[in-house]
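# Overview (structure and organization)
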Amino acid sequence: MSKKRKLVSGIIFGVILIGLLVGIVLTHSHEEEPIREVMKDAVLHEHIKVSFFGLLDVNPGLISAYAVTAVFLIFALIVRIFFVPRFTMIPGKFQLLLEKAVGIFDDLANANSPHRNKFLGVYIFTAGAYIFIGTIFELFGIQVPTTSGGVAALPAPLADINGAIAMGVMSYAVIMSGGIAGNKFKGVLLTLKDFSLPLSMSFRLFGALLSGALVTELVYYYMAISFVVPVLVGVMFTLLHALIQAYVLTMLTSLFYGEVSEVHHKEKKEKESNNEEITADFEA
Amino acid sequence: MPLNINVQQILLHMFNFVLLFGISYFLLYTPIKKFMDDRKKYYEDIDKEAKDNLKSAEDAKVLYENKLSLLDDEIAKKQNEAVTEAMNKRDEIIKHAKEEAADIIESARKTGEFERERNVLAAKQEIEAYVSKAAEEIVQKGDPYESFANAVKKEATND
């Protein structure tokens, strides 16, 4: 074994040892709080509250939501000011990434609602970006002070049930707006037919994102599995949920939007004319 | 409310999302989509222009092919006309040559006839002169037959 190789191996070994010691010290405090309480806090946020600009005490998820919007605003401004005016006919890597992101949602809107999709395209692009960035945001583990004097890591905005309900209700409202635009009052009835949709959308998002958070909490709680495993589990759950939930919500919204906004009276007329033809044939 | 559901916080989440929607609409989605649509239109226009050019080229090709086929017909027609004209000219030249030949022959024949008649006339006159001379000599010298015979012999030997 060469000297260089010995040195590298020694450094790696030392880092692992230090990491283990740090982990042992850091995870020691968890034993004071029972797992039941930790899980309950992660789900309900009853005790962990964060001050919202000093106006009211809110769940940390709401702070995450506004933080995501702030990050998105800065990113959008940079792109709009510095990149969009320099777009070229043959796109570079970053331009291609932006075009791909817009193109995916535009195509999704076109495929599921070919007759009316301009507003839908923007909505599912925003929703997809919000869910994806919001879920990834959890990975950074940004700490904020709580009203009780402690600190809390900012979760994904949609791991807060209020955020998930807001998202589900808004998606339902967008679907209903498509119904009204396409079929007037009948569109409202068509949308109300699926009255369980906002509930299912909200709780699907909440459940999916919360499950990731709970599994990560669980893994961190026990010292024996709090080394290396959280990295894999946390990243895997977060990334997969970010992608899957962004896809599922945008897909469902565009699908229902396309269904209720499709103009129905033409089909009815066609059916009627077909029925008349069949009757005439039968009589003949 | 159960599960820590809070209407105020739901509304705050909605407000945040509407804000995000506005940012997305004005700063990201619309400008990028507009650029993509413009580029699509640009390439569609180029494609359309190329197709139009191709179509006009094909039309021109058909037109020129038709013209070429017409030209072939015209060339054949002109060729026929030229051949016919040449034939006519040839016939005319031959006819003219034949007429000229006939004229020359006729003229030669006439000249020959005239020469012959003149020679005959001259011979006749000469004979007449000889005869009259011989008759004169016979009359002057006695035996006319003998004198005539001598005179003829003499003339014949001179010739």
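Residues numbered from 1 in each chain as written. Chains lettered and ligands numbered in written order. Predicted model: local features only at pLDDT ≥ 70, side-chain atom pairs only at ≥ 80, totals over all residues. Heavy atoms only, no water.

### Quick word on the pattern of salt bridges
Note the cut-off: Salt bridges are defined by distance alone: a side-chain nitrogen of Lys or Arg within 4 Å of a carboxyl oxygen of Asp or Glu. Comment: elements are numbered from the N terminus, with helices defined as DSSP H or I runs of at least four residues and strands as E runs of at least two. Remark: exposure states derive from per-residue accessible area (1.4 Å probe, protein chains only) relative to the maximum for the residue type, with buried under 20%, exposed over 50%, and partly exposed in between.
Evaluation of the coordinates by the stated rule reveals 12 salt bridges over all chains. The partner of lysine 41 of chain B in a salt bridge is aspartate 45 of chain B, and the shortest N-O contact between them spans 3.2 Å. With a gap of four residues between them, lysine 41 of chain B and aspartate 45 of chain B both fall in helix H1 (residues 7-141), about one helical turn apart. Since its relative accessible area comes to 37%, aspartate 45 of chain B is described here as partly exposed. A salt bridge links lysine 51 of chain B to aspartate 47 of chain B; its shortest N-O distance comes to 3.2 Å. Within this pair, lysine 51 of chain B and its partner aspartate 47 of chain B are both found in helix H1, separated by four residues, close to a single helical turn. When salt bridges with common partners are traced through the structure, they connect Asp106 of chain A together with Lys33 and Asp37 of chain B into a single cluster.

### Quick word on the layout of surface pockets
Counted only if it meets this: Put plainly, a pocket is an open set of points on a 1 Å grid over the protein atoms alone with protein on both sides within 12 Å along at least five of seven lines, a cavity is a set where a 1.4 Å probe fits but cannot get out, and a lining residue has an atom within 4 Å of a point. Grid points are joined across faces, edges and corners, and a volume is the space filled by probe spheres set on the points.
Of the pockets and cavities examined, the second largest pocket occupies roughly 630 Å³. Elements represented by at least two residues in the lining of the second largest pocket include exactly helix H3 (60-83), helix H4 (93-112), helix H5 (118-140) and helix H9 (229-261) of chain A together with H1 of chain B. Here the element with the most residues in the lining of the second largest pocket is H4 of chain A; it accounts for nine residues.

### Details of the interface of chain B and chain A
Quick reminder of the rule: Note on contacts: a residue pair qualifies if any of its non-hydrogen atoms lie within 4.5 Å across the two residues. Here the buried area means the combined drop in accessible surface, using a 1.4 Å probe, for two parts upon being joined, counting both sides. Pairing of N or O atoms within 3.5 Å defines a polar contact, subject to two protein rules: one partner must be a possible hydrogen donor and the other a possible acceptor, and residues neighboring in sequence count only if both atoms are side-chain atoms. Under the scheme applied here, ten amino acids are nonpolar (Ala, Val, Leu, Ile, Met, Phe, Trp, Tyr, Cys and Pro), four are charged (Asp, Glu, Lys and Arg), and all others, including Gly, are polar.
Taken together, the contacts link 32 residues of chain B with 51 residues of chain A. Taking both sides of the interface into account, the surface hidden between chain B and chain A amounts to around 3,800 Å²; carbon and sulfur atoms contribute 76%. For chain B, the biggest contributors to the area lost against chain A are His13, Phe17 and Tyr29 of chain B; these three give 19% of the whole. The tally of links from chain B across to chain A stands at two salt bridges. Viewed at the interface, chain A and chain B are joined by 12 residue pairs in polar contact (both at pLDDT 80 or more). Residues of the side of chain B that touches chain A, tallied by class, amount to 23 nonpolar, seven polar and two charged.

### Focus: the environment of tyrosine 257 of chain A
Tracing the chain through its elements places tyrosine 257 of chain A in helix H9. Sequence separation between tyrosine 257 of chain A and threonine 191 of chain A is 66 residues; the distance between their C-alpha atoms is 8.9 Å.

### Here we look at empty space enclosed by the protein
Taken as a whole and judged by the stated rule, the model has one cavity of 30 Å³ or more. What lines the largest cavity is simply Thr135, Glu138, Leu209, Gly212, Ala213, Thr216, Gly234, Phe237, Thr238 and His241 of chain A.

### Let's talk about a nonpolar patch on the surface
Residue and element names in this part refer to chain A. Definition in use: Patch membership is restricted to residues that have no salt bridge and whose relative accessible area is over 30%. Joining uses 9 Å for like charges and 5 Å for the nonpolar side chains Val, Leu, Ile, Met, Phe, Trp and Tyr. Computed with a 1.4 Å probe, the accessible areas rest on the Shrake-Rupley method; for each residue, only the protein chains presented here act as cover.
Taken together, the side chains of Leu73, Ile74, Phe75, Leu77, Ile78, Ile81, Phe82, Phe83, Phe94 and Leu97 make up a nonpolar region of the molecular surface, amounting to roughly 870 Å² of accessible area. Of all elements in the fold, only H3 and H4 reach the threshold of two or more residues within the nonpolar patch. When residues in the nonpolar patch are grouped by element, the largest group, eight residues, is from H3. Inspection of the secondary structure assignment puts phenylalanine 83 in helix H3. Judged by its relative accessible area of 35%, phenylalanine 83 is partly exposed.

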